[in-house]
Structure formats: C-alpha cells, structure tokens
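Chain residues, written in single-letter form:
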Amino acid sequence: MATNNAVSPGAGSTASHTLPSIIQGGMGAAVSSWRLASQVAQSGQLGVVSGIGLDVVLARRLQDGDKGGHIRRALAAFPVPAIAARAIEEYYLPDGRSPAQSYLGVPKLAIVQDRPSQELAILGNFTEVWLAKEGHTGLVGVNYLEKVQMATPAAAYGAMLAGVDYVLMGAGLPREIPRLLNQLTTHSAVSFPVDVQGAEPGTFTVSLDPLDLLGVSLPPLKRPRFLAIVSAHILAEYLARDEAIRPDGFVIEGPRAGGHNAPPRGKVVLDESGEPQFGPRDYADIDKVAAIGMPFWLAGAYGTPEGLIAAQSAGAVGIQVGTLFALSSDANFEPSIREALVAKAAEGTLQVKTSLRGSPTGFPFKVADLDGSLSDPEVVEARPRLCDLGFLGVPYVRENGKVGHRCPAEPVKPFSRKGGGADDAEGRLCLCNALMANVGLGQTRATGYVERPLITLGADLDGPKRLAALHPGGWTAVQALDWLLGSSET
Ligand SMILES: Cc1cc2nc3c(=O)[nH]c(=O)nc-3n(C[C@H](O)[C@H](O)[C@H](O)COP(=O)(O)O)c2cc1C
C-alpha cells in the first residue's frame with residue numbers, strides 16, 4: 001500500500017504534504033462547489049472544485065443576491081480590489097433576480113480575449129478556490145477539461161491566486177499544463193496553444209498577461225501539483241516520458257465513471273438500447289501504470305471501502321470518487337434533484353446510461369434517467385435549440401482565415417453555415433445550459449422557457465445504495481468519507 005507518500009514542495013510552496021487516499025473528483029459545472037471541497041479538505045482528503053464555467057457561475061450567484069455573502073467575502077480578498085468591484089458593480093443584485101428575469105450574458109473567453117472576459121474567469125476561479133480553502137489548512141484542487149482550452153490560462157491563474165494546491169485535468173491529453181503552471185507561478189505572460197479545426201497544431205494561441213491585467217506586481221505563487229486524468233496506461237506512459245509535459249501523478253479513470261468517458265477502443269458495438277459496450281481493452285493495465293513509478297489514483301466505480309482497498313493493493317495511492325460525493329448534501333445539485341436521485345438510488349431504480357451522441361464534445365457521456373430532465377426525449381423536443389454559453393464551443397478556421405466558434409448543439413442552420421455537418425449536430429444536447437440548471441442557475445428565456453437539467457452520474461450505484469441504507473435521510477461528504485475509509489458500519 002502507498003498511503004503515506006510525502007511529496008516535496010513545488011516552486012514557491014512552503015510545505016510538503018502527505019498524498020490523499022481519497023480525491024473527491026471535480027464535478028462540473030459547480031456540482032463540486034466550494035462547500036463540498038471544503039468539507040473534504042477539512043477531513044484530510046483532497047477536495048476538488050470544478051473549474052468549468054465559473055465566470056457564469058459567479059455572475060449568476062451575484063445576480064441571485066449572493067445569499068450568505070460568501071461571494072462578496074471572497075471577492076474582498078482578491079488582490080486587486082478594483083477588479084473585484086467591477087464584477088460587483090456589473091452583476092450584483094442585492095435583492096436577487098426575480099425568477100422571470102433572465103440572467104445577464106457574460107463576455108466569452110474566445111480565442112481573442114478581452115479584459116472583462118479574463119477578469120471574470122479569474123475572479124470566478126479565485127472565489128471558488130478561496131472559499132474552499134477558507135478557515136483550514138487542508139488540500140484543495142481544481143478540475144479543468146483539456147477540451148475547454150481557451151478558458152484554461154485565465155481560469156488556472158485565478159485558482160492559483162487563491163493558492164490552489166492541485167490542478168487536475170481530463171478529457172484530452174494535457175501536455176501543455178505543466179509549462180502553463182510554471183509560467184503562471186511567476187505571473188509571466190503566457191501564449192497557450194489552442195487546437196483550431198482546419199489549422200495545423202500550434203498555429204493559434206490564447207494570450208494572458210497577468211501583470212498587464214492586474215496592474216500590480218505580486219510575489220511568486222505556489223506551483224500547484226498537476227494530476228493528469230487519463231483512461232489508458234499508454235497515455236500515462238507517454239506523458240511521463242518527457243519532463244516538459246510530465247504531470248506530478250495520474251488519475252486513471254475507467255469507462256464506468258460519471259461525466260465524460262473515453263470512447264470505446266476499436267469498432268463501437270451498441271447493445272439493444274443503443275448504449276456503447278466497453279470491454280477489457282477500455283480499462284488501463286494497472287500494472288503498467290504502477291511500473292511508471294509515479295503516484296496514481298483509480299477512478300470509476302471505485303467508490304466503496306472495497307474499491308479503496310483494491311486500488312491500494314494494485315499500487316495506487318488511493319481512489320478518485322465522484323458519484324458518492326455528487327449525491328451528498330454538501331454537493332451543489334439543486335435540492336429537489338438530489339432528493340429525487342437519492343430516493344431512486346436507495347430503491348435501486350436509478351438508471352445511468354452511456355450516451356454516445358448527447359455531449360457536443362463527441363465523447364461518450366453518462367446520463368442519469370430523471371423525470372423533467374433532458375434524459376427524456378420529450379423534454380429535449382420541447383427545448384428551443386440555442387447556444388449562448390459556449391463553454392464547449394470549438395474554434396475553427398473560417399473561409400476568410402479568421403477564427404470562428406461553433407458547437408454541434410447550437411441550432412442546425414448556423415452550425416451548417418459554419419461548416420458543421422448536420423450528422424454531427426443530430427442528437428446533441430446543450431450541456432452548458434443544462435449543467436447550470438442542475439445547480440439551480442438555469443437560464444429563464446424571454447419567452448418564459450426555463451432551461452432543464454441533465455444529470456450525469458457514474459454507472460456503478462452500489463456505493464450510493466449502501467450509503468442510503470446507512471443514512472436514509474441522505475449523507476454528508478464527511479459521512480461518505482467515513483464510510484469509504486472504514487470508520488463507519490457498512
Ligand atoms: C456529476 C458528475 C460530474 C462530473 N464532472 C466531471 C468534470 O467536470 N471533469 C472531470 O474530469 N470529471 C468529472 N466527473 C468524473 C469524476 O470526477 C470522477 O472521476 C468519477 O465520477 C469517478 O467515478 P465514480 O462516479 O464511479 O465515483 C464527474 C462525475 C460526476 C458524477
């Protein structure tokens with residue numbers, strides 16, 4: 001077992017720490033919010049906030065009146081008060097928004113980024129990490145998706161300004177992150193490569209100049225540890241080989257995990273309900289991962305006490321767990337959604353399927369069946385197709401050589417005009433708007449239409465069912481941790 005690995009500090013950091021046995025996985029958007037990560041971190045494990053869409057989350061929480069004053073308390077700690085004041089001025093509504101009122105749009109982090117868009121992303125990530133770290137010395141990480149490249153520099157910088165301990169990234173091969181984190185540690189200007197469809201790799205970059213943006217010179221930041229979330233041992237071996245792209249460890253995530261999954265390898269075989277079948281080739285060879293000699297955690301259906309023991313026996317430091325924490329009362333699912341999911345998990349009737357077409361990213365995506373959500377084709381049919389958040393939008397080269405942005409979940413006509421194929425658009429769901437609805441921040445349209453949720457959970461629901469038997473009224477993150485670590489009855 002390898003539960004006690006002390007690691008040395010990174011650049012600018014002041015202390016080494018023991019590696020956590022349990023990583024509470026990042027769950028976007030804002031499902032693993034600051035409250036959940038704080039509870040986990042205070043219990044001595046790694047709490048991870050989702051770093052996806054935090055610009056929108058910040059703006060909407062301010063428009064909902066910032067109940068409890070948490071956002072404004074965190075903003076008051078931001079090193080440049082004028083930047084924090086601009087966000088409050090722009091978005092804060094002391095009495096909150098009336099339910100019929102639409103949330104304001106926010107400036108998008110496109111390939112060319114203006115000051116307001118970068119400021120809001122920095123502030124969104126700063127507040128989330130600052131609140132998760134407030135009042136204790138536990139470890140807090142932030143989770144990003146490799147596919148969401150354009151937002152990464154500003155988002156990571158905001159998290160680092162709040163002293164984030166770990167950055168974790170999945171949904172792609174995160175080659176560029178170690179260098180980005182090194183540069184941001186010294187507030188250096190960065191030029192971060194972005195994949196643009198129709199252009200050679202390396203042609204386009206997004207720029208962030210922290211000094212110019214903040215207008216003040218700050219001491220060096222702590223260099224967070226970086227964990228790459230990958231599905232295959234060959235990807236871990238590849239990243240480990242070269243110092244320039246080597247992370248500090250790996251999360252090895254299998255195809256039963258919640259959220260996005262790596263596509264099945266080889267020819268895709270569908271079962272009678274249209275779900276892709278995963279086979280032995282879709283699971284990493286853990287012996288080969290262990291042979292790399294770097295710390296790693298196993299994720300995807302490991303969220304039980306036996307899963308933790310099995311992972312550690314295989315040489316892992318521990319496990320990353322999502323579903324069990326997503327359903328805890330400290331996570332941020334809108335309460336009626338959580339209650340419905342926990343009740344179904346307790347009865348054993350909760351169903352989670354792998355959708356091949358739903359996510360605009362093109363990756364398989366786990367979807368939980370829930371009435372009133374986009375898991376129901378009739379709810380999908382009733383939704384006016386539109387795209388206004390664009391976290392998952394993809395940059396592409398337009399005929400005039402400039403960079404445009406398109407998303408397969410946007411209305412088919414504009415998507416086709418932008419060169420997107422109608423077959424690619426078919427069946428795609430607007431994850432961005434649904435994810436906001438999951439956490440009580442769904443948009444109300446001028447027509448009165450209110451965005452509907454779409455829930456992702458892992459395929460293995462053994463842990464939630466057993467925990468529901470132990471805690472019939474629902475469980476907290478600390479109760480989930482106690483159970484996983486074996487300090488509570490099974
Ligand atoms: C609601 C939910 C949202 C998730 N969102 C993300 C995400 O944004 N980024 C990511 O890397 N993983 C995401 N995951 C995966 C988790 O971080 C974790 O690796 C996974 O859930 C582990 O498998 P388990 O659900 O069987 O415990 C999500 C999982 C859930 C349940």
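First, a word on what this report is: a plain description of the structure on this page. (Residues numbered from 1 in each chain as written. Predicted model: local features only at pLDDT ≥ 70, side-chain atom pairs only at ≥ 80, totals over all residues. Heavy atoms only, no water.)

### Some words on the packing of aromatic side chains
Tallied over the full model, the rule gives 1 aromatic pair. Both rings, one in Phe78 and one in Phe126, keep their centres 5.0 Å apart while their planes meet at 90°; by these two values the pair is edge-to-face. Linking Phe78 in the loop between helix H3 (70–75) and helix H4 (81–91) with Phe126 in helix H5 (residues 115–133), this pair joins segments that are 48 residues apart in sequence. Under the relative-accessibility criterion, Phe126 is labelled buried at 2%. (Phe/Tyr/Trp six-rings, centres within 6.5 Å; stacked < 30°, edge-to-face > 60°. Helix = DSSP H or I, 4+ residues; strand = E, 2+ residues; numbered from the N terminus. Buried < 20%, exposed > 50% of the residue type's maximum accessible area, 1.4 Å probe, protein only.)

### Describing the environment of Ala425
Within the fold, Ala425 resides in helix H16 (residues 422–425). For Ala425, a relative accessible area of 0% gives the class buried.

### Section: helix H1 (residues 34–42)
Of the residues making up H1, those classed as buried are Trp34, Leu36, Ala37, Ser38, Val40 and Ala41. Of the residues trailing H1, Gly44 is marked for its positive phi of about 95°.

### Brief notes about H5
If you check H5, its first and last C-alpha atoms are 27 Å apart, about what 19 residues at 1.5 Å a residue would give, namely 27 Å. The buried fraction of H5 is high, at 15 of 19 residues. Positive backbone phi, approximately 80°, marks Gly135, located one or two places after H5. (Expected span 1.5 Å × (residues − 1).)

### Comments concerning the sheet that holds strand S5 (residues 140–145)
Spatially, the 8 strands close up into a barrel ordered S3-S4-S5-S6-S9-S10-S11-S12, and their pairing is parallel. On average, each strand axis in the sheet is tilted by 25° relative to the strand beside it, whichever way the strands run. H1 rests against strand S3 (22–24), strand S4 (46–50) and S5 of the sheet, and its axis sits at about 170° to S4. Of the strands in this sheet, S3, strand S11 (296–299) and strand S12 (318–321) are in contact with helix H11 (residues 305–313), which crosses S12 at around 135°. (Pairing = 2+ DSSP bridges. Axes fitted to C-alpha atoms, helices over the stretch in contact; angles between N-to-C directions. Contact = heavy atoms within 4.5 Å.)

### Considering the pairing of S12
Pairing of S3 with S12, which is carried by 3 bridges, proceeds in the parallel orientation. Within S12, the residue paired with Ile23 across the bridge is Gln320. Across 3 bridges, the pairing between S11 and S12 is parallel. In the sheet register, Ala299 faces S12, and the bridge partner there is Gln320.

### Topic: the side chain of Ser359
Following the sequence through the fold, Ser359 ends up in the loop between strand S13 (352–355) and strand S14 (365–368). Take Ser359: its relative accessible area is 0%, and that puts it in the buried class. Apart from the residues lying within four places of it in its own chain, the contact partners of Ser359 are His260, Phe365, Arg428 and Leu431.

### Focus on the site of the ligand
Around the ligand there are 22 residues in total, and Glu253, Ala301, Gln320, Gly322 and Thr323 lie nearest to it. Contact between the ligand and Gly26: an oxygen atom at 2.9 Å from a main-chain N or O atom of the residue. The backbone of Gly322 places a nitrogen or oxygen atom 2.8 Å from an oxygen atom of the ligand. For the ligand, whose free accessible area comes to 600 Å², the fraction covered by protein is 94%. (Near = heavy atom within 4 Å. Polar contact = N/O pair within 3.5 Å; in protein donor to acceptor, adjacent residues only side chain to side chain. Areas by Shrake-Rupley, 256 points an atom, 1.4 Å probe, with all protein chains shown as cover.)

### Re the pairing of strand S15 (residues 394–397)
Pairing of S15 with strand S16 (residues 403–406) involves 4 bridges; the strand directions are antiparallel. Within the sheet, the bridge partner assigned to Val397 lies in S16 and is Val403. Connecting the antiparallel pair S15 and S16 is a turn made up of 5 residues, with Gly401 showing a positive phi of about 90°.

### Comments concerning the pattern of salt bridges
As enumerated under the stated definition, the model contains 18 salt bridges in all. Across the pair Asp248 and Arg223 runs a salt bridge whose closest N-O atoms are separated by 3.3 Å. You can see Asp248 sitting in the loop between helix H9 (233–241) and strand S10 (249–253) and its partner Arg223 sitting in the loop between helix H8 (210–214) and strand S9 (225–230), a full 25 residues away along the chain. For Arg223, a relative accessible area of 14% translates into the label buried. Taking the shortest distance from any N to any O, the salt bridge between Glu451 and Arg383 comes out at 2.8 Å. Note that Glu451 is positioned in the loop between helix H17 (431–438) and helix H18 (462–470) and Arg383 in the loop between helix H14 (377–382) and S15, a separation of 68 residues in sequence. A relative accessible area of 11% means that Arg383 is categorised as buried. Through salt bridges that share partners, Arg383, Asp388, Arg445 and Glu451 make up one connected network. (Salt bridge = Lys/Arg side-chain N within 4 Å of Asp/Glu carboxyl O.)

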